[in-house]
Amino acid sequence: MNPTYIRTFMAYGESGVYRTRGPARAAKYGALAVMVRSLASNLDDFPHTGVTIYNDSFPKIPAVAISTNDAEWLSGQLKNNSVVSGYIRNTSTMLPDEPSFNVVGEIRGTQFPNEIITVGGHIDSWDLAEGAQDDGAGAVQSIEVLRVLKALGLKPKHSIRAVMFMNEENGGRGAEKYLEIAKAKNEKHIFGLESDAGGFTPRGFGLDMSADKIAKVQSWKNLFHDYGVCDLEAGGSGSDVGPLKQIGAALAGLSPDSQRYFDLHHAATDTFEAVSKRELELGAVNMAALIYLVDKYGL
Ligand SMILES: [Zn+2]
């Protein structure tokens, strides 16, 4: 990943193609297997894995992620024109689909119960990790938004749902299903907020909505400023609330500090112990504040 990008998600977005599309491309040219350098910001001994997309026209060759330390070593060997041989034993297999579910909690709105504000993260994780940052953090922050509103005795005008989406990592079918049900029930979705960038110190919100709505959120900037949440700009929301745009929802995504996210992302190091309770809570209360403001003043 290109270390000159201060926003690490940009580096991930740019380099991700080598893991997602590289194996299919290599198979086209006759490769027997592929080793991909882990998409990680740091040097460590842990493979960081993720989605790989094959092409039906070519063989589904084995593809493995190797740690950044191993990739550095291998690169050094190849630069010295050393002859390097490797052995891959891959026991991974694609199992058939099984039923699974989104998990939804809701506070019914007092004035507009049929107008929905969704706050969510995803409940699945990449298989070699606990997925504490990706995305246990976003799931518990979403629950925390509802708890904070209740603890403060606030009764929102609109219905507010905390949604733990299923299957974000491997197809996004939880998000698709949520949209499908919303359409079938003719629900009005006014706002969707996602946390899926880790439970690190919050810096702002990415705003995926019209310019006038962005201006409205920016008019609240002094309320967030003291919490270090200063970056209220046009940006991405998240892949789970993303589909709600089709039915007119304004969207936002929590933007935490991104410098350490890809140290852990999709690796065995993404554990509960790696999450700072204080940073996690700071993100959650700012999410609750944004939900409160949208509920009270609209967009
Ligand atoms: Zn995620």
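Preceding this section is the structure that the text describes.
Notes on the structure follow. Worth saying up front: this structure is predicted, and the values here are computed from it rather than measured.

## Concerning the overall build of the protein
Then, in step 1: Counting secondary structure elements, the protein contains nine helices and nine strands.
Then, in step 2: Along the three orthogonal principal directions, the C-alpha set of the protein runs to about 70 × 40 × 35 Å.
Then, in step 3: Considering the protein as a whole, with its 299 residues, one finds that 43% of them fall into the buried category.
Then, in step 4: At a minimum sequence separation of 6, the contacts of the protein that also span at least 24 residues come to 81%.
Then, in step 5: When the accessible surface of the protein is split by element, carbon and sulfur atoms take 54% of a total near 16000 Å².
Then, in step 6: Each charge class in the protein was averaged separately, 29 positive and 36 negative side chains, and the resulting centres sit 6 Å apart.

## Side note on the coordination of the zinc ion
Then, in step 1: The protein atoms that coordinate the zinc ion are His 122 (NE2), Asp 134 (OD), Asp 196 (OD) and Asp 196 (OD), at distances of 1.9 to 2.6 Å.
Then, in step 2: Between the four donor atoms coordinating the zinc ion, the angles at the centre fall across 53 to 150°, so the site counts as irregular.
Then, in step 3: One chain supplies every donor for the zinc ion, spaced along it as H-x11-D-x61-D. Within this pair, whereas His 122 is found in strand β4 (residues 112-122), its partner Asp 134 is found in helix α4 (residues 132-151), the two being separated by twelve residues in sequence. Neither residue differs from the other here; His 122 and Asp 134 are each classed as buried.

## Side note on helix α9 (residues 277-297)
Then, in step 1: Under the 1.5 Å per step criterion, the end-to-end length of α9 is 30 Å for 21 residues, consistent within 8% with the ideal 30 Å.
Then, in step 2: Those residues of α9 that sit buried are Glu 279, Leu 280, Gly 283, Ala 284, Asn 286, Met 287, Ala 288, Leu 290, Ile 291, Leu 293, Val 294 and Asp 295.

## Let's talk about the pattern of salt bridges
Then, in step 1: Applying the stated criterion across every chain yields a total of 14 salt bridges.
Then, in step 2: Arg 161 is paired through a salt bridge with Glu 106; the nearest N and O atoms lie 2.7 Å apart. Of this pair, Arg 161 sits in strand β5 (residues 158-165) while Glu 106 sits in strand β3 (residues 103-107), placing them 55 residues apart in sequence.
Then, in step 3: Residue Arg 161 is classed as buried on the basis of its relative accessible area, which comes to 10%.
Then, in step 4: Classification of Glu 106 by relative accessible area gives partly exposed; the value is 33%.
Then, in step 5: In this structure, Lys 188 engages Glu 115 in a salt bridge whose closest nitrogen and oxygen atoms are separated by 3.7 Å.

Procedures and definitions
Residues numbered from 1 in each chain as written. Predicted model: local features only at pLDDT ≥ 70, side-chain atom pairs only at ≥ 80, totals over all residues. Heavy atoms only, no water. Helix = DSSP H or I, 4+ residues; strand = E, 2+ residues; numbered from the N terminus. Buried < 20%, exposed > 50% of the residue type's maximum accessible area, 1.4 Å probe, protein only. Contact = heavy atoms within 4.5 Å. Areas by Shrake-Rupley, 256 points an atom, 1.4 Å probe, with all protein chains shown as cover. Lys, Arg positive; Asp, Glu negative; His and termini not counted. Charge placed at Lys NZ, Arg CZ, Asp CG, Glu CD. Donors = N, O, S within 2.8 Å, 3.2 Å for Na, K, Ca; no water. Tetrahedral: all angles 85-135°; square planar, octahedral: opposite > 155°, others 65-115°. Expected span 1.5 Å × (residues − 1). Salt bridge = Lys/Arg side-chain N within 4 Å of Asp/Glu carboxyl O.

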